[in-house]
Amino acid sequence: MIALASSTPAGYASKQPPKFYQPVITHLHEQCQDARAIPLHEAMLARCEEVLGDSAPYTLASRGNLAYAYHVAGHLRRAISLNEKTLTQREQVLGETHPSTLTNRNSLAYAYSAVGEWERAIGLFETTLSQRKEALGDEHPSTLTSQNNLAYAYEAVGDLGRAIPLFEDSVAKREQILGHAHPQTLYSRNNLAHAYEANGDLKRATSLYEITLTDRERILGATHPHTLQSRNNLAHAYQGSGNLARAIPLFETTLAQRVQVLGDTHPDTLISKNNLAFAYKETGDFDQSIPLLESVIAQWEQVLGETHPDTLNGRNNLATAYEAAGDFERALPLYEATLAQRVKVPGNTHPDTLISRNNLAGAHFDSGDLARAIPLFEAVVAQSEQVLGDMHPYTLLSRSNLASAYESAGDLERAIPLFETALVQREQVLGEAHPHTLTTRNNLASAYFKAGQRDRAILLYELTVAQSEQALGNTHPDTLITRSNLAHARHATQAGQRGGTVPPTGKPDRQRPHATG
């Protein structure tokens, strides 16, 4: 985040920029209405350039603030262009390692990450961290912020082996330097919990979310925005564990408090509405889920615009709700429209665009239209491999979904090797007990069974049930499905049946709602 300039740099007392813009800009920033402040930022920058010159420190700060407003409003390419220009000028005027230059480099890396240019983002995050360590030391707050940002980028590309140790080190250092109860320590602890959750370690994630929520309630108060964020994240972890009975009341409480504290149309409030609606959908309560999602999208369109990433994410989630309710007449056109918009912004190979293409393929899959589903899945696999790499979680997800489509089409010769590859890779990247790994193992067992390899199928089902019970719990929906598949396979084998099938559970994965906000 870029700090909004609030005072004139020394040496410009006789050339004051128009300060009357600043209180309004600051107010809009505090209300998360940065998009509305863009005309003011633009006017202020034009005035700074006229009065102070193109490369004056105050002008550079103003240009950085405008880039931040573009970023928040979803105008990512404009944000990148402006950040690149400002960084070049700051390097020339202030030097490579000046604090403002390092902040600018961090902002540019964050913008690259938002458009899916992870290689460029990670390179900049790594450079910024190295320079901050050299200039400020390993334990300086800005250094720890860079370390957190780099860990976030590693997590985003699925490199949890590097992300988690960085997060853990940040927590340890902030606890030592700032104390266990400092807000920045709690922030780092929240990020570590999120990484544990992404790694499928739901027990450690839930425990850490619970501890962080308790501390934030005690230190910041029950309705502080950071406390509400922790409550939302804990609810999401409960949901991921299949414990919707605990997740939904927590989502409902968080939403009510955000409406009261932040207002009905605040971006965090809209995220809470989205998350609650998605949880309702998972219980099959479409009467509550679909109207809530429809209202959220209307508000997102009004507050953030029709092409903002959150708006498009909401449309994607509404399409999944229509699909889950069996309403393919509304689901398919919405998936197609969302994909078309994401192809334009943020681009054809952005991870969000790949998710939309995957979900559209999944809707065709669920509607029985394999002729459309399979080519789409094949395209997603090819693009994911090219853009994200062979071992990225999205690539593994799309590969598993393609295998499921081949299996449904009866093409077991292509399905089984693809499942086997996806399983080995998910075990390597995510771990043996990660929910996605368990899903792939269950689906491979189903394919073995259909191919007549019943002994192999039963052994794999038994392993998956044991690991699901340990990782997810006895009553998690995925555990119940795999246990049912195992019982069916055993019964069919004992009865000497031929050609029996196990109910498939390899339904293509969908994009989940926001976990933070």
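Residues numbered from 1 in each chain as written. Predicted model: local features only at pLDDT ≥ 70, side-chain atom pairs only at ≥ 80, totals over all residues. Heavy atoms only, no water.

Trainee: I keep staring at the overall build of the chain and nothing clicks. Help me out?
Mentor: Counting its regular elements, the chain contains 23 helices and zero strands. Rg of the C-alpha trace for the chain: 25 Å, near the compact-globule value of 24 Å for 517 residues, within the 12% margin. Across its three principal directions, the C-alpha atoms of the chain cover 95 × 50 × 45 Å. When contacts within the chain are restricted to residue pairs at least 6 apart in sequence, those whose partners lie at least 24 apart make up 56%. For the chain, the computed accessible surface area is about 21200 Å², with 52% contributed by carbon and sulfur atoms. In the chain, which carries 45 positive and 56 negative side-chain charges, the distance between the mean positions of the two groups comes to 2 Å. (Helix = DSSP H or I, 4+ residues; strand = E, 2+ residues; numbered from the N terminus. Rg over C-alpha atoms; globule rule 2.2 N^0.38 Å. Contact = heavy atoms within 4.5 Å. Areas by Shrake-Rupley, 256 points an atom, 1.4 Å probe, with all protein chains shown as cover. Lys, Arg positive; Asp, Glu negative; His and termini not counted. Charge placed at Lys NZ, Arg CZ, Asp CG, Glu CD.)

Trainee: For this particular structure, what's the right way to read the packing of helix 13 (residues 267–282) against helix 14 (residues 286–303)?
Mentor: Two measures define how a pair of helices packs: the angle their axes make with one another and the distance between the axes. For the pair helix 13 and helix 14, the least separation of the axes is 8 Å and the interaxial angle reads 155°. It follows that helix 13 is roughly antiparallel to helix 14 by the angle criterion. For the pair helix 13 and helix 14, the crossing hand works out as left-handed. Taking contact as the criterion, the partners of Leu270, Ile271, Lys273, Asn274, Leu276, Ala277, Tyr280 and Lys281 in helix 13 are, on helix 14, Phe286, Gln288, Ser289, Leu292, Leu293, Val296, Gln299 and Trp300. Here the residues of the contact of helix 13 with helix 14 are counted per class, giving 10 nonpolar, four polar and two charged. (Axes fitted to C-alpha atoms, helices over the stretch in contact; angles between N-to-C directions. Parallel < 35°, antiparallel > 145°, perpendicular 65-115°, else oblique. Left-handed = near helix turned anticlockwise from the far one by under 90°. Nonpolar A, V, L, I, M, F, W, Y, C, P; charged D, E, K, R; others polar.)

Trainee: Even after reading the chapter, I still don't get the nonpolar core, so can you show me in this structure?
Mentor: If you look at the biggest cluster of nonpolar residues, it comprises 92 residues, and the most contacted ones within it are Leu150, Leu192, Leu276, Leu318, Phe377, Leu402 and Leu444. The residues touching Leu192, leaving out its near neighbours within four places in the chain, are Ile164, Phe167, Glu168, Val171 and Leu208. Formed by nine residues, the second largest nonpolar core is a distinct cluster that contains Leu66, Ala67, Tyr70 and Ala73. (Core = buried A, V, L, I, M, F, W, Y, C linked by side-chain atoms within 4.5 Å. Buried < 20%, exposed > 50% of the residue type's maximum accessible area, 1.4 Å probe, protein only.)

Trainee: Quick question: what am I supposed to make of helix 10 (residues 202–219) here?
Mentor: Three- or four-residue spacings in an α-helix give side chains the same orientation, since the helix completes a turn every 3.6 residues. For helix 10, which comprises 18 residues, the first-to-last C-alpha distance of 25 Å matches the rise-based estimate of 26 Å (1.5 Å per residue) to within 8%. Considered for burial, the residues of helix 10 that qualify are Leu202, Ala205, Thr206, Leu208, Tyr209, Thr212, Leu213, Asp215 and Arg216. Taken together, the buried residues of helix 10 touch helix 9 (183–198), helix 11 (225–240) and helix 21 (435–450). Of the residues one or two after helix 10, Gly221 is the one with positive phi, at around 105°. (Expected span 1.5 Å × (residues − 1).)

Trainee: Please explain the confidence of the model for the chain as it appears in this structure.
Mentor: The predicted coordinates of low-pLDDT regions are not to be read in fine detail. Chain-level statistics for the chain give a pLDDT mean of 88 and a share of 91% at 70 or above. Within the chain, the lowest mean pLDDT, 73, falls on helix 1 (residues 21–30), and the highest, 96, falls on helix 16 (residues 328–344). Low pLDDT, under 50, characterises residues 498–508; the predicted model gives this stretch 31 contacts beyond four residues in sequence or across chains. Under a pLDDT of 50 for its full length, residues 510–516 has, in the predicted model, 41 contacts with residues more than four places off or in other chains. (pLDDT = per-residue confidence, 0-100.)

Trainee: For this particular structure, what's the right way to read the pattern of salt bridges?
Mentor: Where charged atoms from two side chains of opposite charge come close, those side chains can pair. The tally for this structure, following the rule as stated, stands at 29 salt bridges. Notably, a salt bridge pairs Asp54 with Arg63, separated by 2.9 Å at the nearest N-O pair. Overall, Asp54 belongs to the partly exposed group, its relative accessible area being 36%. Its salt-bridge partner being Asp215, residue Arg218 comes within 3.2 Å of it at the nearest N-O pair. Of this pair, Arg218 and Asp215 are both found in helix 10, three residues apart, which corresponds to roughly one turn of the helix. A relative accessible area of 59% places Arg218 in the exposed class. Given the relative accessible area of 15%, Asp215 is considered buried. (Salt bridge = Lys/Arg side-chain N within 4 Å of Asp/Glu carboxyl O.)

Trainee: I would appreciate a short explanation of the side chain of Arg258 in the present structure.
Mentor: Inspection of the secondary structure assignment puts Arg258 in helix 12 (residues 244–262). Engagement of the side chain of Arg258 in a polar contact is seen with the backbone oxygen of Asp268, the distance being 3.2 Å. (Polar contact = N/O pair within 3.5 Å; in protein donor to acceptor, adjacent residues only side chain to side chain.)

Trainee: In this structure, what is going on with the packing of aromatic side chains? I would like to understand it.
Mentor: Scanning the model with the defined rule gives one aromatic pair in all. Across the ring face of Tyr196, the terminal group of Arg204 is positioned such that the distance to the ring centre comes to 4.1 Å. The cationic tip of Lys281 hangs over the ring face of Phe278; the distance from NZ or CZ to the ring centre is 4.4 Å. (Phe/Tyr/Trp six-rings, centres within 6.5 Å; stacked < 30°, edge-to-face > 60°. Lys NZ or Arg CZ within 6 Å of the ring centre and 35° of its normal.)

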